[in-house]
Protein chains: 2
Amino acid sequence: MGNLLSYQGAVEVENKEISQAVISRLPRYFRYLGELKDEGIERVSSQELSDIMKVTASQIRQDFNNFGGFGQQGYGYKVEYLYEEIGKILGLDKKHNLIIIGAGNLGQALANYMNFERRGFLFKGMFDNNPALFGKKIRDMEVRPMEELSAFVRENNIDIAVLTIPKSGAVAVAEQLVKDGIRGIWNFAHVDLNVPKSIQVENVHLSDSLMKLTYNINRYEQNGNI
Amino acid sequence: MGNLLSYQGAVEVENKEISQAVISRLPRYFRYLGELKDEGIERVSSQELSDIMKVTASQIRQDFNNFGGFGQQGYGYKVEYLYEEIGKILGLDKKHNLIIIGAGNLGQALANYMNFERRGFLFKGMFDNNPALFGKKIRDMEVRPMEELSAFVRENNIDIAVLTIPKSGAVAVAEQLVKDGIRGIWNFAHVDLNVPKSIQVENVHLSDSLMKLTYNINRYEQNGNI
DNA sequence: AAAAAAATGTCAATTCATTGACAGAACTGT
DNA sequence: ACAGTTCTGTCAATGAATTGACATTTTTTT
């Protein structure tokens, strides 16, 4: 590694595993670069980004280099190009068919609140087991009964399922989704899903997040300012 | 450190900083221990927990030890005791006054969906700048205009603000909250808040989370199974 | 009561992540 | 076209987190 010359900008990178620590930072880079782009700024150096984002310039360069060098010595990075490339790394150049399972408060809020289409997520359907909701339209999408889920996932090539159901049902639904060929689960249920590692799970455990906040609040109180 | 004898179970631990990596795992321990407790299980060893939770037993012991030894050699950990202690560490034994700022889809969903009271969070109010929402009741709590926010936070000793407003307003609102004496912000806005480090911020950037998911989905596709 | 088994707390080793340093490439101004 | 400046890509050093190993304590069995 290292002596494979990059002869035309974008670069071949062999299949070395990138750490999740790096991946977790990419969306934030993407967000800041998008803002710079919108402001009409064309170039940026790692030092400038460092100042704005409050991370070390070294880390920025190291992170980008995992994917093979997007910058130019003496110049910096072209904002638009870098933005596009990070988008591609994150898979945002591809379309992903998505459904929401659980049309309660949270499911409905996500349907309305997330701008799925903006980033290539195609919102294809919504499911619940509460008959009172069947047929109700949310974002132009009627709520379907859970009985139809399995066939729907197969027939519509659903890639991503958003799980916003109580934990009691979540594990079983996840297993079914795996059988039906789902590729990723965005899991809001308060439970850990047990799926093959070929299926990607991204957990959003809101209670956990809130507990971290209270820990930090109380730690600060107790220790005085550390 | 190390030769301060723990002579009665719970233990004095001096103010050494605990890494956020450890803190992030505590809510998950808490969840699993709660489940064990509900099943009536009284004792558990680090090895048993390891099997259930899929983390190494060594890490479990190391994590707990940061707070001073909750177990007993040859026996293991008392589930209920450990559960209580972790709850205390996380600050769940204390009451926290909480408000939601932004009564849109997400704000309303959180108000209804999170069982705030269950963990000592007292839901005290909800704010928005949309007049159409003023007075609307969500979880028995009427939506108040933003003009009243500042006084309300001061008068009601609000500890935690949940920010579910668009990013355009978020930074300014956060600054105001700091002036009014807030202690923690649970931030759902797609922007990084710039507050003194005495104020705790816990970010929930949902888009970032979804991007991580697509990265992992696409990585798996491209590399074949790693 | 003694021996065997179980399981923690903790030290050391290892692995992983971040930061620092700098050679060399590209740009900029004269 | 040259000299000076900028700034990346990358290697090495440092720091942080995880895992492994084991002495010691307690429990359990005989």
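Residues numbered from 1 in each chain as written. Chains lettered and ligands numbered in written order. Predicted model: local features only at pLDDT ≥ 70, side-chain atom pairs only at ≥ 80, totals over all residues. Heavy atoms only, no water.

Along helix α4 (residues 79-89) of chain B, the residues that are buried comprise B:V79, B:L82, B:Y83, B:E85, B:I86, B:G87 and B:I89. Each element contacted by the buried residues of α4(B) is listed here: α8 (206-223) of chain A together with α1 (20-38), β1 (43-44), α3 (57-65) and β2 (77-78) of chain B. Residue B:G91 follows α4(B) closely and has a positive phi angle near 80 degrees. (Buried < 20%, exposed > 50% of the residue type's maximum accessible area, 1.4 Å probe, protein only. Helix = DSSP H or I, 4+ residues; strand = E, 2+ residues; numbered from the N terminus. Contact = heavy atoms within 4.5 Å.)

Applying the stated criterion across every chain, the model contains 24 salt bridges over all chains. Between B:K212 and A:E202 there is a salt bridge; the shortest N-O distance is 3.6 Å. Taken together, the positions of B:K212 in helix α8 (residues 206-223) and A:E202 in strand β9 (residues 200-203) put the pair across two chains. One connected set of salt bridges, linked through shared partners, spans A:R28, A:R31, B:D192 and B:D208. (Salt bridge = Lys/Arg side-chain N within 4 Å of Asp/Glu carboxyl O.)

This brings us to the packing of α8(A) against α1(B). α1(B) packs onto α8(A) with a crossing angle of 125 degrees between their chain directions and a minimal axis gap of 9 Å. Judged on the interaxial angle alone, α1(B) and α8(A) are oblique. Note on packing geometry: the crossing formed by α8(A) with α1(B) is right-handed. Of α1(B), the residues touching α8(A) (which contributes A:D208, A:M211, A:K212, A:Y215 and A:N216) are B:Q20, B:I23, B:S24, B:P27, B:R28, B:F30 and B:R31. (Axes fitted to C-alpha atoms, helices over the stretch in contact; angles between N-to-C directions. Parallel < 35°, antiparallel > 145°, perpendicular 65-115°, else oblique. Left-handed = near helix turned anticlockwise from the far one by under 90°.)

Residues and elements named next belong to chain A. As for its position among the elements, N97 is in strand β3 (residues 96-101). Owing to a relative accessible area of 15%, N97 belongs among the buried residues under this scheme. For N97, the side chain forms a polar contact with the main-chain oxygen of N157, separated by 3.1 Å. (Polar contact = N/O pair within 3.5 Å; in protein donor to acceptor, adjacent residues only side chain to side chain.)

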